[in-house]
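For reference, the chains in residue letters:
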Amino acid sequence: MSKEELGVYLKPFNRTGGKFLALIAVLLGAMALGGYALYIQFTEGHYVSGMRDVGAGGAAWGIYIGMLVYFIGISYAGISVSAAVRLLNLEKYKPVARMGELLTIIALLLGSLFILFDLGQPIRGVINMFQFGRPMSPLFFTFSVIATGYLWSTLIFMYISGRRDASIMKANGLGIKPLYTVLSGGYVDSHKAREKHNKVLKALAVAILPLLVMAHSFLGFVFGLQVGRPGWYTAIQAPAFVTLAAASGIGALIIISLVIRRTYGLQQILTQDIFRGLGNFMGAATGVYIYMIISEMYVMKYAGPSGEVLIADSMLSGQLAPYFWAEILSFIAAFLIIFAMFARKSYSLLGITTSAVLVNIGALLARNMIIIPSQTLGMQLPYALGSYFPSWIEISVVVGLFALGVFLYSIFTKIFPIIEFPEEVRGER
Amino acid sequence: MGRTLALLTLAIGLILMAVGLMTVAPVGETAGPVISNPKIPFAAGIWVLGMMTSLLTPVAYVMGREK
């Protein structure tokens with residue numbers, strides 16, 4: 001491979017202009033706002049949030065848990081694409097594999113932070129969980145599978161797939177040498193070493209894919225197994241969580257890859273063909289999810305117990321209707337855009353991006369619509385109905401954590417190759 | 001070397017997972033778990049540690065020196 005061709009992969013390292021620094025400054029400002037809001041929350045208590053006890057006029061799980069579920073869903077894309085690339089030899093999607101792995105890691109990190117910030121005493125919560133948790137409990141099992149199994153295995157996957165690239169960076173005297181020395185430690189680039197790493201990554205992909213389905217399913221079971229909570233107690237929760245995770249996660253990967261493609265001028269590597277494939281998958285998952293929502297709403301409304309009917313009425317024509325219909329219309333529009341491009345066999349990046357953004361808006365609304373109405377309206381006991389709206393503290397924390405995610409992603413693109421080097425490039429020998 | 005190290009890592013991880021699982025809080029007379037009464041302290045933490053150690057198997061394999 002010529003130096004010029006290699007240079008295309010190194011473009012993110014060359015372009016650090018005023019715009020990038022301005023973005024970092026804005027992100028740091030948003031993170032500072034989030035940090036300040038958190039400080040108030042921890043010093044004054046959760047009373048400053050919009051959350052209240054269920055039955056006392058509010059919801060005990062608010063936007064933090066909604067965002068946790070959203071981010072765990074987003075994490076689906078990365079590692080599933082990356083694992084599929086290794087397992088099925090889908091070379092075409094290799095350029096987005098690392099972007100996906102990084103997306104998974106950052107999304108899981110943000111999801112974990114949302115759980116911690118939902119607790120009044122985060123440290124005590126973590127210690128108690130390790131001390132008293134039971135792996136048989138869906139809540140603890142979700143934690144152990146997501147935070148350790150899923151996050152940990154993705155970090156390992158990324159480390160193993162990144163050793164050769166670290167070795168190439170080191171051999172070519174590029175970037176931060178001590179970092180690459182640590183990451184490539186012991187790696188000697190040879191045909192045998194590459195084969196060994198590919199074999200290990202395939203085996204790890206086989207282990208990760210079931211972990212991925214388990215993680216998303218058990219997150220659904222956390223809600224779906226709560227008998228006393230109308231709207232949550234349904235067998236469709238686990239498959240619906242997995243399906244929406246697939247749609248929103250792939251959508252997020254499409255948005256991020258397109259931003260990177262445009263920012264760093266990587267049109268040569270991130271071809272339209274990749275986005276067409278990802279867009280089709282996202283569209284199919286969105287279609288299945290729309291079908292699931294319709295099925296669930298039909299059952300709730302047709303013969304559901306009073307709690308289910310109350311929630312369904314509120315969503316269809318009551319107080320929650322604007323949010324619910326915005327969610328449904330986002331999904332339908334996203335699906336139709338992809339379907340129209342598929343039918344005409346003519347894809348545009350603008351269409352795919354619009355669809356991906358709509359799916360993620362729909363997913364954000366859907367995650368919160370799963371969490372909140374079942375607490376404010378879904379009660380089996382004769383308590384008064386409640387309402388919930390996040391306070392400025394919660395909104396600031398959400399903005400701060402979003403900014404943290406973008407910040408980490410942006411910084412990573414500057415210190416490590418965001419696109420895996422092709423096979424022709426040699427590392428240290 | 002790599003294979004031996006990997007098998008050792010996997011074995012340690014699986015043992016820790018089994019120990020954690022067997023020593024978490026038992027189920028009480030009312031069919032619910034007595035959550036504040038694990039057989040050994042931090043049994044759930046041992047389960048998590050075991051899971052993390054098991055997942056280090058591929059790292060041990062690729063880090064092991066070739067003959």
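In this report, we go over the structure that sits alongside the text. Just so it is clear, the structure is predicted and the values come from calculations on it, not from any experiment.

### Overview of the side chain of Thr154 of chain A
Relative to the helices and strands, Thr154 of chain A resides in helix H7 (residues 138–171). In contact with Thr154 of chain A, not counting residues within four places along its chain, are Ile79, Glu101, Thr104, Ile105 and Ile208 of chain A.

### A look at the layout of surface pockets
The calculated volume of the largest pocket comes to roughly 1000 Å³. Residue lining of the largest pocket: 36 residues in total, with Ile115, Met129, Leu139, Phe140 and Phe143 of chain A positioned closest to the centre. Elements represented by at least two residues in the lining of the largest pocket include exactly helix H4 (63–88), helix H5 (94–118), helix H6 (122–132), H7 and helix H9 (191–224) of chain A together with helix H2 (43–55) of chain B. In terms of residues, the lining of the largest pocket owes the most to one element, H7 of chain A, which gives 11 residues. Split into classes, the residues belonging to the lining of the largest pocket amount to 27 nonpolar, seven polar and two charged. One number sums up the size of the second largest pocket: a volume of about 740 Å³. If you go around the second largest pocket, you meet 28 residues; those closest to its centre are Ile256, Val259, Val406, Tyr409 and Ser410 of chain A. Taken together, the elements giving at least two residues each to the lining of the second largest pocket come down to helix H3 (18–44), H4, H5, helix H10 (237–264), helix H14 (349–371) and helix H16 (392–415) of chain A. Its residues placed into classes, the lining of the second largest pocket shows 19 nonpolar, seven polar and two charged.

### Digging into a nonpolar patch on the surface
All names here are of chain A. Taken together, the side chains of Leu33, Tyr36, Tyr39, Tyr323, Phe389, Trp392, Ile395 and Val399 make up a nonpolar region of the molecular surface, amounting to roughly 860 Å² of accessible area. Of all the secondary structure elements, the ones that give two or more residues to the nonpolar patch are H3 and H16. For Trp392, the location among the structural elements is in helix H16. Among the residues examined, Trp392 registers a relative accessible area of 47% and is labelled partly exposed.

### Comments concerning the packing of aromatic side chains
All names here are of chain A. The final tally for this structure, using the stated rule, is 21 aromatic pairs over all chains. Ring plane angle 15° and centroid distance 5.9 Å describe the contact between Phe71 and Phe114, whose orientation is recorded as stacked. With Phe71 in helix H4 and Phe114 in helix H5, this residue pair connects regions lying 43 residues apart in the sequence. Exposure class is identical for Phe71 and Phe114. Each is buried. Of the aromatic side chains, those joined through ring pairs into one cluster are Tyr64, Tyr70, Phe71, Phe114 and Phe402. The ring of Phe20 carries Lys414 above its face, with NZ or CZ at 4.9 Å from the centroid.

### Considering the interface of chain B and chain A
Contacts between the two partners involve 26 residues from chain B, matched on the other side by 28 residues from chain A. Of the roughly 2400 Å² buried at the junction of chain B and chain A (both faces included), carbon and sulfur atoms supply 75%. Area buried by chain B at its contact with chain A is led by Phe42, Leu55 and Val62 of chain B, which between them contribute 24% of it. On inspection of chain B and its partner chain A, the count reaches zero salt bridges. Our count for the chain B to chain A interface comes out at five residue pairs in polar contact (both at pLDDT 80 or more). Within the residue set of the side of chain B that touches chain A, elements represented by two or more residues are H2 and helix H3 (57–63) of chain B. Top contributing element to the side of chain B that touches chain A by residue count: H2 of chain B, with eight residues. The residue inventory of the side of chain B that touches chain A, partitioned by class, reads 22 nonpolar, three polar and one charged.

Reading the values: the criteria
Residues numbered from 1 in each chain as written. Chains lettered and ligands numbered in written order. Predicted model: local features only at pLDDT ≥ 70, side-chain atom pairs only at ≥ 80, totals over all residues. Heavy atoms only, no water. Helix = DSSP H or I, 4+ residues; strand = E, 2+ residues; numbered from the N terminus. Contact = heavy atoms within 4.5 Å. 1 Å grid on protein atoms, 1.4 Å probe; cavity = no way out; pocket = protein on both sides within 12 Å on 5 of 7 lines; lining within 4 Å. Points joined across faces, edges and corners; volume = space filled by probe spheres on them. Nonpolar A, V, L, I, M, F, W, Y, C, P; charged D, E, K, R; others polar. Patch = residues over 30% accessible without salt bridge, like charges linked within 9 Å, V, L, I, M, F, W, Y side chains within 5 Å. Areas by Shrake-Rupley, 256 points an atom, 1.4 Å probe, with all protein chains shown as cover. Salt bridge = Lys/Arg side-chain N within 4 Å of Asp/Glu carboxyl O. Buried < 20%, exposed > 50% of the residue type's maximum accessible area, 1.4 Å probe, protein only. Phe/Tyr/Trp six-rings, centres within 6.5 Å; stacked < 30°, edge-to-face > 60°. Lys NZ or Arg CZ within 6 Å of the ring centre and 35° of its normal. Buried area = accessible area lost by both parts, 1.4 Å probe. Polar contact = N/O pair within 3.5 Å; in protein donor to acceptor, adjacent residues only side chain to side chain.

Purely geometric stuff here, so don't read any function into it on its own.
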